[in-house]
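Spelled out, the chains give:
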Amino acid sequence: MSMANRNLVTIDDLSNEEIEAVFSLADEMSDSMNEQSSVCQGKIMATLFFEPSTRTRLSFEAAMLRLGGRVITAVDVGATSLAKGESIADMARVVGSYADIIVIRHPWEGAAKVVTDYAGVPVINAGDGGHEHPTQTLCDLYTLKKERQTIKGLKVALWGDLKYGRTVHSLTYALARFGAIIHFRPGPGLELPEHVLRKLTTEYRGKLEKYEDLNHRVKERFFPLDAIYITPSSPHQLTMMPDVSIQIEVRTADALYVTRLQRERHAPVAEGEGLKKDYPVVDKKLLKEKEFKGTKLVMHPLPRIDELAYEMDADPRSMYFKQAARGVPIRMALLALLLGAKEVDIPAEKQPTFVKKIDYRVYNRDFGVRCQNPNCVSVQETEKRYIAPEFKIVATKPLTLRCVYCEHEIHPQYIASSEKNKRYHSADSFMLGWIKPEHLIIFNTEEEARDNRFSPGQYAHISAGRR
Ligand code: NCD
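Residues numbered from 1 in each chain as written. Predicted model: local features only at pLDDT ≥ 70, side-chain atom pairs only at ≥ 80, totals over all residues. Heavy atoms only, no water.

If you look at the biggest cluster of nonpolar residues, it comprises 65 residues, and the most contacted ones within it are Leu138, Leu141, Leu144, Leu158, Leu175, Phe184 and Leu335. The dominant element in this core, judged by the number of residues it contributes, is helix H12 (residues 327-338), at 9 residues. The residues touching Leu138, leaving out its near neighbours within four places in the chain, are Leu8, Ile11, Leu14, Ile19, Phe23, Ile330 and Leu334. Among the nonpolar cores identified, the runner-up in size contains 51 residues, and Leu82, Val115, Leu401 and Cys403 belong to it. (Core = buried A, V, L, I, M, F, W, Y, C linked by side-chain atoms within 4.5 Å. Buried < 20%, exposed > 50% of the residue type's maximum accessible area, 1.4 Å probe, protein only. Helix = DSSP H or I, 4+ residues; strand = E, 2+ residues; numbered from the N terminus. Contact = heavy atoms within 4.5 Å.)

Moving on, we come to the site of the ligand. The local shell around the ligand consists of Arg55, Thr56, Arg105, His133, Gln136, Arg166, Thr167, Arg260, Gln262, Pro301, Leu302 and Pro303. Contacts to the ligand include Arg166, whose side-chain N or O atom sits 2.7 Å from an oxygen atom. For the ligand, whose free accessible area comes to 320 Å², the fraction covered by protein is 95%. Looking at the shell around the ligand, its residues break down into 3 nonpolar, 5 polar and 4 charged. (Near = heavy atom within 4 Å. Polar contact = N/O pair within 3.5 Å; in protein donor to acceptor, adjacent residues only side chain to side chain. Areas by Shrake-Rupley, 256 points an atom, 1.4 Å probe, with all protein chains shown as cover. Nonpolar A, V, L, I, M, F, W, Y, C, P; charged D, E, K, R; others polar.)

Turning our attention to the pattern of salt bridges. Throughout the structure, instances matching the rule amount to 24 salt bridges. The residue Glu51 makes a salt bridge to Arg166 at a minimum N-O spacing of 2.9 Å. Taken together, the residues span a long stretch of sequence, with Glu51 in the loop between strand E1 (44-49) and helix H2 (55-66) and Arg166 in helix H6 (residues 166-177) at a distance of 115 residues. With relative accessibility at 11%, the residue Glu51 sits in the buried group. Of the charged contacts in the structure, one is a salt bridge between Arg93 and Asp90, with a shortest N-O distance of 3.7 Å. Of this pair, Arg93 and Asp90 both sit in helix H3 (residues 88-98), 3 residues apart, which is roughly one turn of the helix. Judged by its relative accessible area of 47%, Arg93 falls in the partly exposed class. The network of salt bridges with shared partners includes Glu51, Arg166, Arg260, Glu264 and Arg265. (Salt bridge = Lys/Arg side-chain N within 4 Å of Asp/Glu carboxyl O.)

The next thing to look at is the sheet that holds strand E13 (residues 399-403). With antiparallel pairing, 4 strands are arranged side by side in an open sheet as E11-E12-E13-E14. Edge positions in the sheet fall to strand E11 (361-363) and strand E14 (409-410), since each of these pairs with one other strand and no more. In the sheet, E13 pairs with E14 via 2 bridges, with the strands oriented antiparallel. Looking across to E14, one finds that Arg402 is bridged to Glu409. Strand contacts of helix H7 (residues 194-201): strand E12 (391-396), E13 and E14, with the helix running at about 100 degrees to E13, the strand carrying the most contacts. (Pairing = 2+ DSSP bridges. Axes fitted to C-alpha atoms, helices over the stretch in contact; angles between N-to-C directions.)

On the basis of which strands lie adjacent, the open sheet formed by 4 strands has the order E2-E1-E3-E4 and parallel pairing. A strand with exactly one partner marks an edge of an open sheet, and here the two such strands are strand E2 (70-74) and strand E4 (123-128). Adjacent strand axes in the sheet meet at a mean angle of 15 degrees when their direction is disregarded. Note: strand E3 (residues 101-106) against E4, 4 bridges, orientation parallel. In the sheet register, His106 faces E4, and the bridge partner there is Asp128.

Here it is, written out as structure tokens:
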């Protein structure tokens, strides 16, 4: 089966079978490195890295060079026409005419999606703000698979900045899809974003046990266990277990996936400083504690700052340099597949299974509600000239929209009908069910409704309780 011309923006762009096929090809390639030097001969890869990077960019470039291809690169926004006010769309069109494949890292969430919309060549997301980083997840999963043989039923504790850690978001989805049990151990105030949690329980159809709902207390040293995620097929039905078993369950994890505080995404800087004070550290002492003694693997996407002690490097359970080294064969396999130089070998009876896509209604109008995430590509001055806001309506009680670019969710307050008399109503009122989808207009605030010359209707100020 060919994967030529496919994009990789989120980890869900690959089925589980395709991920396994990438792993097999990576195995094959790392066993015969010297035989790969003409696989992508004549092909050009553009690496556009507008945020710092060592591992991701260099391993992509090393991968392409080992495949016999060539690389063109831009690593500084200031040295590109983006600094002159050029849009990402125009840049994508141009670079797409110079290269056969584009790898992009950008600080704005949704930037890689915009590049896919305009480049005309395959695009790989090497990290878009705090959104996703799917190729790091391939390296992480590959490591779990190599070290523990299977991911199904594995207990993986995700530690640290779960809010802004893009590697954590992609990894969470992948672990859920492969049937792992996930322990969320965020630093204070750094829990998973709402949209990631919603996806886990809707699209991935697993069960999320909030820590506060478990009726027992786990001795915590640094920060609490925030929640546990269990995939439907998981053999451990945690809720059925008596307290004592739950305690065992939460006390041990096969792998600790440690992440650094994503300081650059915390505004203002002072907030990041405060968080740093209470940020948990993984060191030898911690791993000797009862709760962590059973840990088999210590993982980290790197770079590390202070959250992972250097003394851990000599511990055979430490996997982070292996994760980084595996980036080359993994990215070789991926590049060869997306460039059509190799094909995936998936048995006919094992048709690729993607995440069950829910057919959410799409809402897109060029006025009214816009994404509220200041880091979303769709709200940037240079980009909003051509990007029309677009959302999925993921819930109606309360009305919840998910931006198709950054996936952040918003809860708009007001609605109106394009058919009627320019009156707006509360999004909590029964009018939400009455207005035909094709006529629905959504405003985030009353001010926005007024700015568009709508005035309050009969149900403008009704609350959910009076519906
Ligand atoms: C990660 C990233 O850029 O998101 N680094 C990487 O690609 N290995 C993790 C991080 O920067 O914390």
